[in-house]
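Chain and residue survey
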Amino acid sequence: MPDDSVHLCPPDGPRLRDERDALDLIGEAWGHGATWVAVPAERLHEDFFSLRTGVAGEIAQKFVNYRMGLAIVGDVSRFTAASEALRAWVLESNRGTHLWFVRDLEELAARRS
């Protein structure tokens, strides 16, 4: 289980699809003293997983700008199987320090420790 510095986005609710949604999450996380936000993959609009839309870049950039980590939690294999570019971006993101794609909260906790 992640520690208190991770804000868990609930699995139910509207899908996140733009910069405003990212800013709302960042604000919530700051309000809880978090340094990371864990977003269930199913909460992201499908546009996030289509890199040509620019949605993923816009959302990721907001988190980088505000120096807050973003973890996409869950299975994204159906999207990465359909897009070589997305698969490469996921791999590259997981090498970095601001955006990670993880299977579950336990993997996130292990990566953060």
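Given the structure is predicted, the values throughout are model-derived calculations rather than measurements.

**Some remarks on the overall build of the chain**
Scanning the chain for helices and strands turns up five helices and four strands. For the chain, the succession of helices and strands along the chain, N to C, is β-α-β-α-β-α-α-β-α. Its C-alpha radius of gyration of 13 Å places the chain within 12% of the 13 Å reference for a compact globule of 113 residues. In terms of its C-alpha atoms, the chain occupies a principal-axis envelope of roughly 35 × 30 × 25 Å. A burial count over the chain gives 42% of its 113 residues as buried. Nonlocal contacts in the chain, meaning residues at least 24 apart in sequence, comprise 76% of its contacts between residues at least 6 apart.

**Considering the pattern of salt bridges**
Applying the stated criterion across every chain yields a total of five salt bridges. The closest approach of N and O atoms between Asp-47 and Arg-17, which form a salt bridge, is 2.9 Å. With Asp-47 in the loop between strand E2 (36-40) and helix H2 (55-65) and Arg-17 in the loop between strand E1 (6-8) and helix H1 (19-31), this residue pair connects regions lying 30 residues apart in the sequence. Judged by its relative accessible area of 23%, Asp-47 falls in the partly exposed class. Look at Arg-17 and you get partly exposed, because its relative accessible area is 39%.

**As for the packing of aromatic side chains**
Applying the stated criterion to the full structure yields six aromatic pairs. An angle of 75° between the planes, with centres 5.2 Å apart, marks the rings of Phe-48 and Phe-49 as edge-to-face. An aromatic cluster is present here, built from Phe-48, Phe-49, Phe-79, Trp-89 and Phe-101 joined pairwise through their rings. Above the face of the Trp-100 ring, Arg-111 is positioned so that its terminal group lies 4.0 Å from the ring centre.

**So, the sheet that holds E2**
Strands belonging to one sheet form pairs held by backbone hydrogen bonds; the direction of such a pair is parallel or antiparallel. A sheet is described by the order of its strands in space; here four strands give the open sequence E1-E2-E3-E4, paired in parallel fashion. Each end of this open sheet is capped by a strand with a single partner; those strands are E1 and strand E4 (99-102). Geometrically, the sheet is characterised by an average inter-axis angle of 25° between neighbouring strands, direction not taken into account. Contacts between helix H5 (residues 105-112) and the sheet are confined to E1, E2, strand E3 (69-73) and E4, with E4 contributing the most and set at about 135° to the helix.

Reading the values: the criteria
- Residues numbered from 1 in each chain as written.
- Predicted model: local features only at pLDDT ≥ 70, side-chain atom pairs only at ≥ 80, totals over all residues.
- Heavy atoms only, no water.
- Helix = DSSP H or I, 4+ residues; strand = E, 2+ residues; numbered from the N terminus.
- Rg over C-alpha atoms; globule rule 2.2 N^0.38 Å.
- Buried < 20%, exposed > 50% of the residue type's maximum accessible area, 1.4 Å probe, protein only.
- Contact = heavy atoms within 4.5 Å.
- Salt bridge = Lys/Arg side-chain N within 4 Å of Asp/Glu carboxyl O.
- Phe/Tyr/Trp six-rings, centres within 6.5 Å; stacked < 30°, edge-to-face > 60°.
- Lys NZ or Arg CZ within 6 Å of the ring centre and 35° of its normal.
- Pairing = 2+ DSSP bridges.
- Axes fitted to C-alpha atoms, helices over the stretch in contact; angles between N-to-C directions.

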